[in-house]
Amino acid sequence: MGGQDVEDVIAPGLRVLFCGINPGVRSGATGHHFAHPGNRFWPALHRSGFTPRRLAPSEQHELLDYGLGITNLVARTTARADELTADELREGGRNLTRKLAEYRPRWLAMVGITAFRAAFGRPRAAVGPQDEQVSGVDVWLLPNPSGLNAHWTPDQLAAEFAALREAAS
């Protein structure tokens, strides 16, 4: 699809490293995570109490001030996450495993259950904390905040993010 790379917002020892599936078209064009205006990541992050105000995608590096970061499972930009192949998701899982071993966040928050299931071979994984760790890091699965995932309301998304925030505090 072209565009620019969407760089990780990451540092050692974060409270939570959020992991998106892959950059969408707007994110690929701007270089900012969750950049589409219809994406509900930034509102959910704020409404859950992770940030004192709603950050714009262009302010993504401010997350580090709150002990938070963002990465993607797969770097390739697509219009829809379902354009990714199973091989890309599995390779993304291997790359994420290495990243977690290097940076050691307290929690990995994967936003995208189906992608997590495919990447890590865990077909029954569901929203919430997981029984198994990845590279010794606790894992919490969150619903995909894309506007395409409309069966999760903004209130439900904020509640799931808030449950993670409480666990990570």
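What you see is a predicted model; the values in this text were computed from it and never measured.

Trainee: Which residues make up unusual backbone geometry, and what values do they have?
Mentor: Of note in the backbone geometry, Phe34 takes a positive phi value of approximately 50° without being a glycine. As for its placement among the helices and strands, Phe34 is situated in the loop between helix H1 (25-30) and helix H2 (41-47). Given the relative accessible area of 12%, Phe34 is considered buried. Positive phi values are uncommon outside glycine, yet Ser135 reaches one of about 55°. As for its placement among the helices and strands, Ser135 is situated in the loop between strand E4 (128-129) and strand E5 (138-142).

Trainee: I'd like to hear about the pairing of strand E2 (residues 68-72), residue by residue, with values.
Mentor: Counting buried residues along E2, five of its five residues qualify, which places the element largely inside the surrounding structure. The side-chain alternation of E2 yields two buried faces, one formed by Leu68, Ile70 and Asn72 and the other by Gly69 and Thr71.

Trainee: With reference to specific residues and values, describe the nonpolar core.
Mentor: Within soluble globular proteins, side chains that are nonpolar tend to cluster in buried spots. Core analysis: the biggest nonpolar cluster contains 23 residues, and Leu73, Leu89 and Met110 have the highest contact counts within it. Those elements that provide at least two residues to this core are strand E1 (16-20), helix H3 (86-103), strand E3 (107-111), helix H4 (113-120) and E5. Per-element tally for this core: the top contributor is H4, with five residues. Residues within four places of Leu89 in sequence aside, it is in contact with Ile21, Leu73, Val74, Leu84, Ala115, Ala118 and Ala119. By size, the runner-up hydrophobic cluster in this structure holds 22 residues, among which are Leu68, Ala109, Leu142 and Leu157.

Trainee: Lay out the environment of Ala126 in plain terms, naming residues and giving numbers.
Mentor: Inspection of the secondary structure assignment puts Ala126 in the loop between H4 and E4. Through-space distance from the C-alpha of Ala126 to that of Glu7 is 28 Å; in sequence the pair is 119 residues apart. Once you skip the residues sitting within four places of it in the chain, Ala126 turns out to touch Arg117 and Leu141.

Rules behind the numbers
Residues numbered from 1 in each chain as written. Predicted model: local features only at pLDDT ≥ 70, side-chain atom pairs only at ≥ 80, totals over all residues. Heavy atoms only, no water. Helix = DSSP H or I, 4+ residues; strand = E, 2+ residues; numbered from the N terminus. Buried < 20%, exposed > 50% of the residue type's maximum accessible area, 1.4 Å probe, protein only. Core = buried A, V, L, I, M, F, W, Y, C linked by side-chain atoms within 4.5 Å. Contact = heavy atoms within 4.5 Å.

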